[in-house]
Amino acid sequence: MAEGIAAVRARIAAACAAAGRDEGELTLIAVTKTFPASDVRLLAGLGLTDVGENRDQEARPKAADCADLPLTWHFVGRLQTNKARAVAGYAGVVHSVDRPRLVSALSDAAVRAERTLRCLVQVSLDEAEGRGGASPRDVPRIADEIAAASGLELGGVMAVAPLGADPAPAFTRLAGIAAELRGNHPDARIVSAGMSGDLEQAIACGATHLRVGTALLGGRRAIVR
Ligand SMILES: *Cc1c(COP(=O)(O)O)cnc(C)c1O
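Residues numbered from 1 in each chain as written. Predicted model: local features only at pLDDT ≥ 70, side-chain atom pairs only at ≥ 80, totals over all residues. Heavy atoms only, no water.

1. Comments concerning the site of the ligand
Stage number 1. Near the ligand, the surroundings consist of V31, K33, V76, M195, S196, R211, V212, G213, T214 and R220.
Stage number 2. Interatomic distance of 2.5 Å between a side-chain N/O atom of S196 and an oxygen atom of the ligand.
Stage number 3. Here an oxygen atom of the ligand sits 2.8 Å away from a polar atom, N or O, in the side chain of R220.
Stage number 4. Compared with its free state, where it exposes 390 Å², the ligand has 87% of that area covered by protein.
Stage number 5. Along the lines of polarity and charge, the residues of the shell around the ligand split into four nonpolar, three polar and three charged. (Near = heavy atom within 4 Å. Polar contact = N/O pair within 3.5 Å; in protein donor to acceptor, adjacent residues only side chain to side chain. Areas by Shrake-Rupley, 256 points an atom, 1.4 Å probe, with all protein chains shown as cover. Nonpolar A, V, L, I, M, F, W, Y, C, P; charged D, E, K, R; others polar.)

2. Details of the UniProt feature "modified residue: N6-(pyridoxal phosphate)lysine" (unreviewed entry) in the chain
Stage number 1. Summarizing the sequence annotation, UniProt attributes the feature "modified residue: N6-(pyridoxal phosphate)lysine" (unreviewed entry) to K33 in the numbering used throughout.
Stage number 2. Within the secondary structure, K33 is located in the loop between β1 (27–31) and α2 (37–45).
Stage number 3. With residues near it in sequence (within four places) discarded, K33 still touches G52, E53, N54, E58, K62 and R220. (UniProt positions renumbered as here; feature names shortened; annotations may be inferred. Helix = DSSP H or I, 4+ residues; strand = E, 2+ residues; numbered from the N terminus. Contact = heavy atoms within 4.5 Å.)

3. Here's the deal with the pattern of salt bridges
Stage number 1. For the structure on display, the rule yields 11 salt bridges.
Stage number 2. In this structure, the salt-bridge partner of E58 is R55, at a minimum N-O distance of 3.9 Å.
Stage number 3. By relative accessible area, which is 16% here, E58 ends up buried.
Stage number 4. Of the charged contacts, one joins E153 and R118 as a salt bridge, the two residues approaching to 2.9 Å between their closest N and O atoms. Of the two residues, E153 sits in strand β6 (residues 152–158) while R118 sits in strand β5 (residues 117–122), which places them 35 residues apart along the sequence.
Stage number 5. Shared partners join several salt bridges into a network, and the residues in it are E53, R55, E58 and K62. (Salt bridge = Lys/Arg side-chain N within 4 Å of Asp/Glu carboxyl O. Buried < 20%, exposed > 50% of the residue type's maximum accessible area, 1.4 Å probe, protein only.)

4. Quick word on helix α3 (residues 56–65)
An α-helical turn contains 3.6 residues, so any two residues separated by three or four positions project in the same direction.
Stage number 1. Every buried residue belonging to α3 is among D56, E58, A59, K62 and A63, and all of these are buried. In an axial view of α3, the angular spread of the buried residues amounts to 155 degrees, which keeps them on one side of the axis. Pointing more than 90 degrees away from the buried face of α3 are the exposed residues A64 and D65.
Stage number 2. Where α3 is buried, its residues touch α2, β2 (50–53), β3 (72–75) and α4 (84–88). (Arc of directions from axis to C-beta.)

Right under this line is the structure:
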């Protein structure tokens, strides 16, 4: 795990140098889905402060197990409105807000939990059905709703690069959407993009938050759904 972290940090350093960016602008989120709470504990011991999960059923007990650790939990997966209340109990950041109904569910949940949830608008860059994300033309409206909602704070945008295509054009498009958003919401500076296979391209295109699983933790076993 320490080797994985060192290797990812070296990749980030090289990509920042190539892009003329400061490493301090990047937040590394360890995506720990399918790995046990004991691994989250080890990552925290190795200095990681941010962890990501994509399923509430798995994240909730893990976050409870690790409640004594100084970690920020990022929810990065598709989120059903009926899970909003549970997620608001442990997540600091929700990366996958893609529809108005989810905004209101998260707002109600955050108010009830007396917490502030930072929300990112997930953008669908290939308009593929089933992978989540708002159409780019819906981003401003969803962002405005988050910004106006009690208990929520608009953090910025998130995207997953389209499968099997060069990620650079998608990340460039995301950077444009993020810049437009900052025109109306100057504090919404988060651009969550880049995973194990494409973090260099994401950094070149202005990502601020990287969601990295495999390169830190090794391969995941297939999950049977
Ligand atoms: C699993 C996952 C990641 C991490 O993917 P790796 O390729 O293992 O780095 C990042 N983002 C989301 C939304 C994920 O579900």
